[in-house]
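Now for the letters of each chain:
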Amino acid sequence: MTSRKRKPAPAAFSRSAALYDLLYAEKPYAREAEYISALLASHGVKPGGRLLDLACGTGRHLLEWERLGFVVAGADASADMLDVARANAKARRSKATFHHRAFAQVEELPGGQDAVVCMFSAVNYLLPPDTLAALFGRIRTRLRRGGLLVLDHWNGFAVLAQSEATRVVKKAVGDTTVLRIARSRTQTMEQRVEVAYNYMVLRGDVVEQDFEERHQLAFHFPNEMRRAFVEAGFKVEAELPFLEAARAPTAQDFHITVVGRAV
Ligand SMILES: C[S@@+](CC[C@H](N)C(=O)[O-])C[C@H]1O[C@@H](n2cnc3c(N)ncnc32)[C@H](O)[C@@H]1O
């Protein structure tokens, strides 16, 4: 019997990077950045402050924070996402700096930051054996004393309440159509989710690209997240449903925002 080796799936956020901004065209980056900016200000970090966007992706939040007056830098593990971020920055005549660094390399990023921000559940891409507390400890070295770590993460309770999900996104620009089918599988006992993304790019009726990316994510419960902040030397100053400011999260809130202060 001959064995045909399957071509390895490309790494997460490599080939799909060029499609990311189109697929998330409706994501309200400006509103989200304003929400975080208001949260930072209410905890003492005002426009003019230095802000590092960890796992910045294509830089969409970061460019909004720069518009709001912050001095911004971004870092990401994906060179392809950073290529898009740099092009986005150039189009906006941004002064942002970008660094090709993964979570494991945070200590190589510029220090003295007033805040480190990590958005769109990017922290869920941190996988064992690396731990949240170890990552937050590395982030703390990049902050000035009293600086803030702000992130949003998947709420384990809400992840477990959702059944195996299939989501389809279809976008068209001119005669090009981009189709993405995402199938997620939750491994409850491992607190992991695997998402298989199938992408297809068509020009008219012709398939120009057809590929798969597999993403591995970990999810955490709110008490685990809080404990990791505290273990790493942060005081948790706020825990909110993402994009809300006036109530405590419940088990149904999928995205939770956490604000921690380096003490
Ligand atoms: C869902 S995207 C979010 C990007 C951006 N923050 C946003 O809001 O659009 C997750 C990002 O995390 C990055 N990422 C995944 N694993 C990472 C790691 N180990 N270190 C740093 N960045 C990572 C990916 O390259 C990707 O850009």
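Residues numbered from 1 in each chain as written. Predicted model: local features only at pLDDT ≥ 70, side-chain atom pairs only at ≥ 80, totals over all residues.

Chemist: Summarise the overall build of the chain; cite the residues concerned and give the values.
Modeler: Along the chain, the regular secondary structure elements total seven helices and 11 strands. The long-range fraction of contacts in the chain, counting pairs at least 24 apart against all pairs at least 6 apart in sequence, stands at 68%. (Helix = DSSP H or I, 4+ residues; strand = E, 2+ residues; numbered from the N terminus. Contact = placed C-beta atoms within 7 Å.)

Chemist: Hey, could you go over the sheet that holds strand β4 (residues 113–118) for me, with residue numbers and the actual values?
Modeler: Reading across the sheet, the seven strands line up as β3-β2-β1-β4-β5-β11-β10 and stay open at both edges, with mixed pairing between neighbours. A single partner strand is all that each edge strand has here, and the edge strands are β3 (97–100) and β10 (234–241). Adjacent strand axes in the sheet meet at a mean angle of 20 degrees, parallel and antiparallel pairs treated alike. Sheet topology note: the strand β2 (residues 71–76)/β3 ladder contains four bridges and is parallel. (Pairing = 2+ DSSP bridges. Axes fitted to C-alpha atoms, helices over the stretch in contact; angles between N-to-C directions.)

Chemist: Break down the site of the ligand for me, with residues and values.
Modeler: The local shell around the ligand holds 16 residues, among which A55, G57, A77, S78 and F120 are the closest. Across the shell around the ligand, the residue classes break down as 11 nonpolar, three polar and two charged. (Near = placed C-beta within 6 Å. Nonpolar A, V, L, I, M, F, W, Y, C, P; charged D, E, K, R; others polar.)

Chemist: Lay out unusual backbone geometry in plain terms, naming residues and giving numbers.
Modeler: Of note, the bond from P128 into P129 is cis; its omega dihedral lies within 30 degrees of zero at 10 degrees. Tracing the backbone shows P129 in the loop between β4 and α5 (132–140). The phi angle at A55 is positive, at roughly 60 degrees, despite the residue not being glycine. Tracing the backbone through its elements, the reader meets A55 in the loop between β1 (50–54) and α3 (60–67). One non-glycine residue, S121, adopts positive backbone phi at about 60 degrees. If you trace the backbone, S121 turns up in the loop between β4 and α5. By C-beta crowding, S121 is classed as partly exposed, having 19 other C-beta atoms within 10 Å. (Buried ≥ 20, exposed ≤ 12 C-beta atoms within 10 Å, placed from the backbone.)

Chemist: Give me the lowdown on the nonpolar core, citing residues and values where you can.
Modeler: Ranked by size, the top nonpolar core spans 64 residues in total, and within it L54, V116, V117, C118, F136 and V150 carry the most contacts. There are two domains that each give this core at least three residues, and those are domain 1 (17–157 + 220–262) and domain 2 (158–217). Here V150 is in contact with I36, L39, L40, A115, V117, T257 and V259, once residues within four sequence places are set aside. (Core = buried A, V, L, I, M, F, W, Y, C linked by C-beta atoms within 7 Å. Domains from an automatic or database assignment.)

Chemist: I'd love a proper account of the environment of Y20, names of residues and values included.
Modeler: Secondary-structure assignment places Y20 in helix α1 (residues 17–23). On the basis of neighbour counts, which here come to 18 C-beta atoms within 10 Å, the residue Y20 falls in the partly exposed class. C-alpha of Y20 to C-alpha of R144: the two residues are 124 residues apart in sequence and 33 Å apart in space. Residues contacting Y20, with those up to four places away along its chain left out, are G57, T58, M81 and V84.

Chemist: Which residues make up the domain arrangement of the chain, and what values go with them?
Modeler: When the parts of a complex come together, some accessible area is lost, and that lost area is often taken as the interface size. On domain assignment, one finds that the chain holds domain 1 (17–157 + 220–262) and domain 2 (158–217). The C-alpha-based centres of domain 1 and domain 2 are spaced at 24 Å. Mapped onto the side of domain 1 that touches domain 2, the elements with two or more residues apiece are α1 and α6 (156–161). The dominant element in the side of domain 1 that touches domain 2, judged by the number of residues it contributes, is α1, at three residues.

Chemist: Could you give me a rundown of α5, with the residues and numbers involved?
Modeler: Those residues of α5 that fall on the buried side of the exposure criterion are L132, L135, F136, R138, I139 and R140. In the core, the buried residues of α5 are packed alongside β4, β5 (143–154), α7 (222–231), β10 and β11 (255–262).

Chemist: Go over the sheet that holds strand β8 (residues 192–203) with me, naming the residues and quoting the values.
Modeler: If you walk across this open sheet you meet the four strands as β6-β7-β8-β9, and the pairing is antiparallel. Taken across any chain shown, the strands that pair with only one partner, and hence form the sheet edges, are β6 (165–173) and β9 (206–218). Neighbour to neighbour, the strand axes of the sheet diverge by 15 degrees on average, direction disregarded. Looking at chain direction, strand β7 (residues 176–187) and β8 are connected through 12 bridges and run antiparallel. Residue pairing across strands places T177 opposite L202, the latter belonging to β8.

Chemist: Which residues make up the packing of α5 against α7, and what values go with them?
Modeler: The geometry of α5 relative to α7 is characterised by a closest axis approach of 8 Å and an angle of 40 degrees between their N-to-C directions. With respect to their mutual orientation, α5 and α7 come out oblique. Relative to α7, α5 is oriented so that their crossing is right-handed. The residues of α7 that touch α5, namely those facing L132, A133 and F136, are M225, A228, F229 and E231. (Parallel < 35°, antiparallel > 145°, perpendicular 65-115°, else oblique. Left-handed = near helix turned anticlockwise from the far one by under 90°.)

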